[in-house]
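Summary of structural features
Next come the chains, spelled out residue by residue.
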Amino acid sequence: SVINRFTSVFDSKTAELLSHHQVGIKQSFPKEGWVEEDPKEILQSVYECMERTCEKLGQLNIDISNIKAVGVTNQRETTLVWDKETGEPLYNAIVWLDLRTQSTVESLYLSISLSLSPQHKTGLPISTYFSAVKLRWLMDNVEEVAEAVLTHRAMFGTVDSWLIWCLTGGKSGGVHVTDVTNASRTMLFNIHTLDWDPELCKYFDVPMEILPQVKSSSEIYGSMCLGDQSAALVGQMCFQDGQAKNTYGTGCFLLRNTGIKPVMSDHGLLTTLAYKLGKDSPAHYALEGSVAIAGAVVRWLKDNLGIIQSSAEIEKLAGDVGSSYGCYFVPAFSGLYAPYWEPSARGIICGLTQFTNRSHLAFAALEAVCFQTREILEAMNQDYGVPLTQLQVDGGMTSNRLLMQLQADVLCIPVVKPSMSETTALGAAMAAGAAEGVGVWSLTPGNLTTIPTDKYQPLINPEESEFRYARWKKAVQKAMNWETTEPIISNGNGPVSNGNGPVSNGNGPVSNGNGPVSNGNGPVSNGNGPVSNGNGEH
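All values derive from a computational prediction rather than experimental measurement. (Residues numbered from 1 in each chain as written. Predicted model: local features only at pLDDT ≥ 70, side-chain atom pairs only at ≥ 80, totals over all residues. Heavy atoms only, no water.)

1. Digging into the overall build of the protein
Note the following rule: Under the DSSP-based scheme used, a helix requires at least four consecutive residues in state H or I and a strand at least two consecutive residues in state E, with every element numbered from the N terminus. Contacts were defined at the residue level, with two residues in contact if any of their heavy atoms lie within 4.5 Å. Accessible areas in this description were obtained via Shrake-Rupley with a 1.4 Å probe; residue shielding takes into account the shown protein chains only.
The helix and strand inventory of the protein stands at 15 helices and 25 strands. Of the contacts made within the protein by residues no fewer than 6 positions apart, 67% connect residues no fewer than 24 positions apart. When the accessible area of the protein is evaluated, it comes to approximately 23100 Å², of which 52% is carbon and sulfur surface.

So, in structure tokens, the structure goes:
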């Protein structure tokens, strides 16, 4: 699997994209549920993107000395630990989607009561999604990390911290910092005090000395560092209370600006930092609905099933049938995030018939993205109290016109897409240009650049939309509680046993006794069954 890194240069007066370059980096999957990236490859991809982008600017006769500020935007929860003396990563980056920490999460849940849950400080549920449990796993399971922590050589950070440390000198004086939007995704950061919380660090048994210094988003060397979804919120110019955007990338992330006071969710959403644009500027908060698998389901159809050769093909393939014909796809490859937070869920495809073909699967995959968005939008409307009347969208998947029309149909409200879909990069550039000491980009409401948009209106009647959504909800329930960490090998009645379980040495359906597949008298056997190596018919 390949994830793209890119560098973009914008005109601060017009928001025009002047030049960009994109580099793919590999994701590795060493075990089921594990997702990693090479920190050195991440850094090298940034160097390459910057160099190639500057070359392209030269070809356009644009002097690179006109670049006034640099913004960094990144995956927020992806976790790294490196040695500050050697500058070397101590393990691969553990990507936000990774599930290896599930047992850690379960033990944490067992160790606390509801009243002591850290969510009132963090705005986040305890989940494999966030950085603290990934860091805890690294400290517990990687000898090099544990030793570096003990000898005071370890540095922890999300991707922004790693890049800034390397780009500002690395082991020769590199600056170890992060911004509030990335810090707020660690579960070690108090969203009310806007700093690392000693009690949370004690709860996760993380020494505070390995944490980066927290700055506002535009305090870092006149540049700006933002978590990717906060950057997209800025790029969509959602500076007013109640404005929202949904980004369609690997996952799907709906953020709604709630102003300068955090709104705690009662419906399975996250409370997070939207942005803090200056040392003396107030922090703005957001409600967030996070979906783990959006664009990743298209990549799965390509890489794992081979039913498309490129991601762009899915629009035509799904458009050939125009319906899933009752097929529903719940892509819970990493469990289900908002609003369920159910790590035991797993992906299912249901409603199959002999009529179902790959076009129907492609359509069901696109519908799944839209249904998941509706689930988090409904939760957000309940938490915020005012329903959205239209949805602003961005991200790579928004180039799929069929997906955008499906989204409008599923939500029963208009979907508005900017002409430049990669608003994450635009948001980083806007805030960097607006930083104190730079001042080349105005973020005051009257001076914001108007970007052309396309609007998709709902084309199906609400009754049909409701029917399809109800079927989707039924499919989601069937995906629940699929995976378990309970022992599955026993001498009793468990699923793999020496008793009556489905795989057994007794009477289970696969057995050494009388089960339907057996070494005894079962219908498929090595004895007298109808399919056998003994006296059976075959």
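2. Some details on unusual backbone geometry
Negative phi values dominate among residues other than glycine, just as trans dominates among peptide bonds. In plain terms, the rule: We call a residue buried when its accessible area falls under 20% of the maximum for its residue type, exposed when it is over 50%, and partly exposed in between, using a 1.4 Å probe and counting protein chains only.
The omega torsion across alanine 338 and proline 339 is 0 degrees, close enough to zero to call that bond cis. For proline 339, the position within the fold is in the loop between strand 17 (328-330) and strand 18 (348-350). Of note in the backbone geometry, methionine 237 takes a positive phi value of approximately 60 degrees without being a glycine. Looking at where methionine 237 falls in the secondary structure, it is placed in the loop between helix 9 (228-235) and strand 13 (244-248). Methionine 237 sits in the buried class, given a relative accessible area of 15%. Positive phi outside glycine occurs at tryptophan 341, with the angle close to 50 degrees. Within the fold, tryptophan 341 resides in the loop between strand 17 and strand 18.

3. Looking at the pattern of salt bridges
Counted only if it meets this: Each salt bridge in this description consists of a side-chain nitrogen of Lys or Arg and a carboxyl oxygen of Asp or Glu lying within 4 Å of one another.
Scanning the entire structure with this criterion turns up 22 salt bridges. The partner of arginine 136 in a salt bridge is aspartate 140, and the shortest N-O contact between them spans 2.6 Å. Remark: aspartate 140 and arginine 136 occur in helix 4 (residues 131-141); sequence separation between them is four residues, near one turn of the helix. Taking relative accessible area as the criterion, arginine 136 reaches 13% and is therefore assigned buried. Here the salt bridges do not stand alone but share partners, grouping Arg76, Glu77, Arg185, Asp228 and Glu288 into one network.

4. Structural notes on empty space enclosed by the protein
To be explicit about the condition: Buriedness for pockets is judged along seven lines, at least five of which must meet protein on both sides within 12 Å for an open set on the 1 Å grid over protein atoms alone, while cavities are sets there where a 1.4 Å probe fits but cannot get out, and lining residues have an atom within 4 Å of a point. Grid points are joined across faces, edges and corners, and a volume is the space filled by probe spheres set on the points.
By the definition in use, this model includes one cavity of 30 Å³ or more. Its boundaries defined by the atoms lining it, the largest cavity holds a volume of some 60 Å³. Ser290, Val291, Ala292, Ile293, Pro331, Gly335, Leu336, Tyr337, Ala338, Gln372 and Glu375 together form the lining of the largest cavity. Within the residue set of the lining of the largest cavity, elements represented by two or more residues are strand 16 (284-291) and helix 12 (358-384).

5. Digging into helix 9
Helix 9 sits mainly inside the fold: eight of its eight residues count as buried. Listed as buried for helix 9 are Asp228, Gln229, Ser230, Ala231, Ala232, Leu233, Val234 and Gly235. In the stretch just after helix 9, methionine 237 is the one whose phi turns positive, near 60 degrees.

6. Re the side chain of asparagine 257
Quick note on the threshold: Here a polar contact means two N or O atoms within 3.5 Å. Within protein one must be a hydrogen donor candidate and the other an acceptor candidate, and residues neighboring in sequence count only if both atoms are side-chain atoms.
Examined against the element boundaries, asparagine 257 turns out to sit in strand 14 (residues 252-259). At a separation of 2.8 Å, a polar atom in the side chain of asparagine 257 contacts the main-chain amide nitrogen of glycine 259.

7. Quick look at a nonpolar patch on the surface
The condition is simple: In this analysis, a patch consists of residues with relative accessible area above 30% that form no salt bridge, clustered at 9 Å for like charges and at 5 Å for the nonpolar side chains Val, Leu, Ile, Met, Phe, Trp and Tyr.
A contiguous nonpolar surface patch, about 240 Å² in accessible area, is contributed by Ile64, Ile67 and Val70. Looking at valine 70, the relative accessible area reads 49%, which means it is partly exposed.

8. As for the nonpolar core
Defined as follows: Throughout this description, the term nonpolar core refers to a set of buried Ala, Val, Leu, Ile, Met, Phe, Trp, Tyr and Cys residues connected via side-chain atoms within 4.5 Å.
Among the nonpolar cores identified, the biggest contains 128 residues, and Leu188, Tyr248 and Val330 are the most heavily contacted of them. Residue contributions to this core peak at 14 residues, all from helix 12. If we ignore the near neighbours within four places in the chain, the residues touching tyrosine 248 are Val369, Thr373, Leu391, Val393, Asp394, Gly395, Gly396, Met397, Thr398, Leu403, Met404 and Gln407. Counting residues in hydrophobic clusters, the runner-up holds 14 residues, among them Ile25, Trp162, Trp165 and Cys166.

9. Thoughts on the side chain of lysine 134
Just so we agree on the cut-off: Charge assignment: positive for Lys and Arg, negative for Asp and Glu; neither His nor the chain ends contribute.
Mapped onto the elements, lysine 134 comes out in helix 4. There is no salt bridge for the buried lysine 134, and the closest opposite charge comes from aspartate 98, which lies 6.2 Å off by N-O distance. In this structure the side chain of lysine 134 is engaged in a polar contact, spanning 2.5 Å, whose partner is the backbone oxygen of threonine 128. When sequence neighbours within four positions are dropped, the list of residues in contact with lysine 134 reads Glu77, Thr79, Ile94, Val95, Trp96, Asp98, Thr101, Thr128 and Tyr129.

10. Some points on the packing of helix 12 against helix 13 (residues 401-411)
Put simply, the rule is: A fitted line through C-alpha atoms serves as each axis, taken over the contacting stretch for helices, and the angle formed by two N-to-C directions is quoted from 0 to 180°. Just so you know how the angles are binned, under 35 degrees is roughly parallel, over 145 roughly antiparallel, 65 to 115 roughly perpendicular, and the rest oblique. In this scheme, a crossing is called left-handed if the near helix is turned counterclockwise away from the far one by less than a right angle; it is called right-handed if the turn is clockwise. Each residue gets one of three labels, nonpolar for Ala, Val, Leu, Ile, Met, Phe, Trp, Tyr, Cys and Pro, charged for Asp, Glu, Lys and Arg, and polar for the others, Gly among them.
For the pair helix 12 and helix 13, interaxial distance at closest approach is 9 Å and the crossing angle is 45 degrees. The angle between helix 12 and helix 13 places the two elements in the oblique class. Classified by chirality, the crossing of helix 13 by helix 12 is right-handed. Of the residues in helix 13, those touching helix 12 at Phe363, Leu366, Glu367, Val369, Cys370, Phe371, Thr373, Arg374 and Leu377 are Leu402, Leu403, Leu406, Gln407, Val410 and Leu411. Taken together, the residues of the contact of helix 12 with helix 13 sort by class into 11 nonpolar, two polar and two charged.

11. What to know about the sheet that holds strand 19 (residues 391-394)
Strand pairing in a sheet relies on backbone hydrogen bonds. The paired strands run either parallel or antiparallel. As a reminder, the rule being used: Pairing between two strands is assigned when DSSP locates at least 2 bridges connecting them.
With respect to topology, seven strands assemble into an open sheet ordered 15-16-14-13-19-20-21, the strand pairing being mixed. Of all the strands in the sheet, the pair left with one neighbour each is strand 15 (270-275) and strand 21 (453-456). Ignoring strand direction, the axes of neighbouring strands in this sheet form an average angle of 30 degrees.

12. Side note on the environment of asparagine 400
With respect to the helices and strands, the residue asparagine 400 is situated in the loop between strand 19 and helix 13. Note on asparagine 400: relative accessible area 8%, which makes it buried. Residues asparagine 400 and serine 311, spaced 89 residues apart in sequence, show a C-alpha to C-alpha distance of 9.9 Å. Setting aside residues no more than four positions away along its own chain, asparagine 400 makes contact with Ile314, Glu315 and Leu366. A distance of 2.9 Å separates a polar side-chain atom of asparagine 400 from the backbone nitrogen of leucine 403.

13. Topic: the environment of glycine 278
Relative to the elements of secondary structure, glycine 278 occurs in the loop between strand 15 and strand 16. On the basis of relative accessibility, which here comes to 12%, the residue glycine 278 falls in the buried class.

14. Observations concerning the environment of leucine 448
Mapped onto the fold, leucine 448 is located in the loop between helix 14 (423-433) and strand 21. Accessibility expressed as a relative area gives 21% for leucine 448, which makes it partly exposed. The spacing of leucine 448 and threonine 14 is 434 residues in sequence and 9.4 Å in space, taken between C-alpha atoms. Once residues lying within four places of it in the same chain are set aside, the contact partners of leucine 448 are Met237, Phe239, Met430, Ser442 and Leu443.

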